[in-house]
Amino acid sequence: MSKKILIIIPCYNEGNSIPLILEQLLHLKLPYHYQMEIAVVNDCSTDDTKMVAGLYPVVLLDLLVNLGIGGAVQTGFLYAQQNGFDIAIQLDGDGQHPPAELHKLINQHKKTGANVVIGSRFLDEGGFKSSFARRIGIRYFHWLNRILTGKSIYDSTSGFRLFDRKAIDIACVKYPDEYPEPASLVLFSKAGLSIEEVPVTMKERLAGKSSISNFSSIYYCVKVTISMLFIFIRKPY
Amino acid sequence: MARIQLITIAINILFIAYISRLIIKGKLREEYAIVWCICTFVLILFSFWRGGLDVMSKLFGVFEPPNLVFTGFIFIILIYLLHLSVVSSKAQHSITRLTQELAMLKEKMEKAEKEEHIGN
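Residues numbered from 1 in each chain as written. Chains lettered and ligands numbered in written order. Predicted model: local features only at pLDDT ≥ 70, side-chain atom pairs only at ≥ 80, totals over all residues.

### So, the overall build of chain B
Turning to step 1, where the next piece is worked out: Broken down by element type, chain B carries four helices and zero strands.
Turning to step 2, where the next piece is worked out: Listed N to C, the secondary structure of chain B is α-α-α-α in terms of helices and strands.
Turning to step 3, where the next piece is worked out: Rg of the C-alpha trace for chain B: 25 Å, well past the compact-globule value of 14 Å for 120 residues, more than 25% over.
Turning to step 4, where the next piece is worked out: When the backbone C-alpha atoms are referred to their principal axes, chain B occupies close to 85 × 30 × 15 Å.
Turning to step 5, where the next piece is worked out: Taken across its 120 residues, chain B has 6% of its residues classed as buried.
Turning to step 6, where the next piece is worked out: Taking contacts inside chain B between residues at least 6 apart in sequence as the whole, the part at least 24 apart equals 42%. (Helix = DSSP H or I, 4+ residues; strand = E, 2+ residues; numbered from the N terminus. Rg over C-alpha atoms; globule rule 2.2 N^0.38 Å. Buried ≥ 20, exposed ≤ 12 C-beta atoms within 10 Å, placed from the backbone. Contact = placed C-beta atoms within 7 Å.)

Right, dumping it as structure tokens:
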């Protein structure tokens, strides 16, 4: 039986980079028993993201209120849950996550049966590695995640992820809204899901800005730390 | 009755009238009005009972009666602010759910419309 995969692309003002990504995705050859659908979640963009994405044969989920990355991705999860998808893959709309690397996540999932597979920048040499300050932050979250989940996840801030049905069900109920990547790992590991990492090569973003600017990076660290600690304390739902 | 008492009582009555008006017009939900009603009740109590503040300060062991007023009210205000944060968090959660549902409904509708178009 073929498996249905939903590619979730959360977009906020990605009108410049989205055509290239969709072009690449639509020409992608997946292993034969996989069926792919693409969901573009337009998080209340002020540019022409919606119009541009509408030109392609994709599911366009248009949010009327800006929900932030977490709320946008969760919309994709809800769509996946309601339409019976087996796997959801988050792929950021800025071009950092090359669609050509998708099969690595899928293969890892097939091989290990992990509930969540993270595309990691650090397990492999080559490709874009992001700035020094950002690397410090990433190291900090690696450390915090190791304490809270007991797992060694190197790239806990990576948004390039695969979720299976179990993970989708959990994320539909409870998903951190603003900076969900590191915190959701605590959520998943508390629920007893297995998390795997696989090396991927990422690119520098094609266009647009990161949702985490230098100015708010301290706020980011504090907020994510608090959110991780409380998810850790809270009973799994 | 001292002048200050009359002034506070008058202001209290105006305050109660305003709260009632807001509730009647549907601009203030009853559950939030409870706090405001209790506040006005406390204020009225102390405007009639002038020596009340001294009695209460002695009871709590506060030397300067005004300090009791500040401490008490700052505490109440903090609790109320916390309550408001809870309310707004809940509202935000509801808005998120609504937005997500709406996005999915819109998608479904557009798809149906397209199919109908092709069918015709």
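Read on, since the account is not over.
### Considering the overall build of chain A
Turning to step 1, where the next piece is worked out: Helix and strand counts for chain A stand at eight helices and seven strands.
Turning to step 2, where the next piece is worked out: With 237 residues in all, chain A has 46% of them scored as buried.

### Description of the sheet that holds strand 6 (residues 161–164) of chain A
The pairing of strands in a sheet comes from backbone hydrogen bonds and takes either a parallel or an antiparallel form.
All names here are of chain A.
Turning to step 1, where the next piece is worked out: Ordered by their spatial adjacency, seven strands build an open sheet running 3-2-1-4-6-5-7, and the pairing between neighbours is mixed. Each having just a single partner strand, strand 3 (59–63) and strand 7 (195–199) make up the two edges of the open sheet. When the angles between neighbouring strand axes are averaged without regard to direction, this sheet yields 20°.
Turning to step 2, where the next piece is worked out: Note: strand 1 (residues 3–11) against strand 4 (residues 87–90), four bridges, orientation parallel. Paired with Ile 5 across the two strands is Ile 87, which belongs to strand 4. (Pairing = 2+ DSSP bridges. Axes fitted to C-alpha atoms, helices over the stretch in contact; angles between N-to-C directions.)

### Description of the domain arrangement of chain B
Turning to step 1, where the next piece is worked out: In terms of domain boundaries, chain B breaks down into domain 1 (1–50) and domain 2 (66–120).
Turning to step 2, where the next piece is worked out: Each of domain 1 of chain B and domain 2 of chain B has a C-alpha centre, and the two are 30 Å apart. (Domains from an automatic or database assignment.)

### Notes on the environment of Ser 89 of chain B
Turning to step 1, where the next piece is worked out: Checked against the element boundaries, Ser 89 of chain B lands in helix 4 (residues 65–119).
Turning to step 2, where the next piece is worked out: Expressed as a C-alpha distance, the spacing of Ser 89 of chain B and Pro 66 of chain B, which sit 23 residues apart in the sequence, is 34 Å.

### Focus: the packing of helix 5 (residues 132–149) of chain A against helix 7 (residues 180–190) of chain A
Between two packed helices, the angle of one axis relative to the other and the distance separating the axes together describe the packing.
Residues and elements named next belong to chain A.
Turning to step 1, where the next piece is worked out: The interhelical angle for the contact between helix 5 and helix 7, taken along N-to-C directions, is 15°, at an axis separation of 10 Å. Between helix 5 and helix 7, the angle is such that the two are roughly parallel. Crossing hand, helix 5 versus helix 7: right-handed. Of the residues in helix 7, those touching helix 5 at Phe 141, Asn 145, Leu 148 and Thr 149 are Pro 182, Leu 185, Val 186 and Ser 189.
Turning to step 2, where the next piece is worked out: Residues that form the contact of helix 5 with helix 7 fall into these classes: five nonpolar, three polar and no charged. (Parallel < 35°, antiparallel > 145°, perpendicular 65-115°, else oblique. Left-handed = near helix turned anticlockwise from the far one by under 90°. Nonpolar A, V, L, I, M, F, W, Y, C, P; charged D, E, K, R; others polar.)

### Considerations on the interface of chain A and chain B
Turning to step 1, where the next piece is worked out: Counting residues at the interface gives 14 residues for chain A, matched by nine residues for chain B.
Turning to step 2, where the next piece is worked out: Those elements that place two or more of their residues in the side of chain A that touches chain B are strand 3 and helix 3 (68–82) of chain A.
Turning to step 3, where the next piece is worked out: Tallied by class, the residues present in the side of chain A that touches chain B amount to nine nonpolar, three polar and two charged.

### Some words on helix 8 (residues 217–233) of chain A
Residue and element names in this part refer to chain A.
Turning to step 1, where the next piece is worked out: The end-to-end C-alpha distance of helix 8, which contains 17 residues, comes to 24 Å, matching closely the 24 Å that a straight helix rising 1.5 Å per residue would cover.
Turning to step 2, where the next piece is worked out: Every buried residue of helix 8 is accounted for by Val 224, Ser 227, Met 228 and Ile 231. Looking straight down helix 8, one finds that the buried residues subtend no more than 100° of arc, so they occupy a single side. Opposite the buried face of helix 8, at more than 90 degrees from it, the exposed residues are Ile 218, Tyr 219, Val 222, Ile 226, Phe 230 and Ile 233.
Turning to step 3, where the next piece is worked out: Considering only its buried residues, helix 8 is in contact with helix 5 and helix 7. (Expected span 1.5 Å × (residues − 1). Arc of directions from axis to C-beta.)

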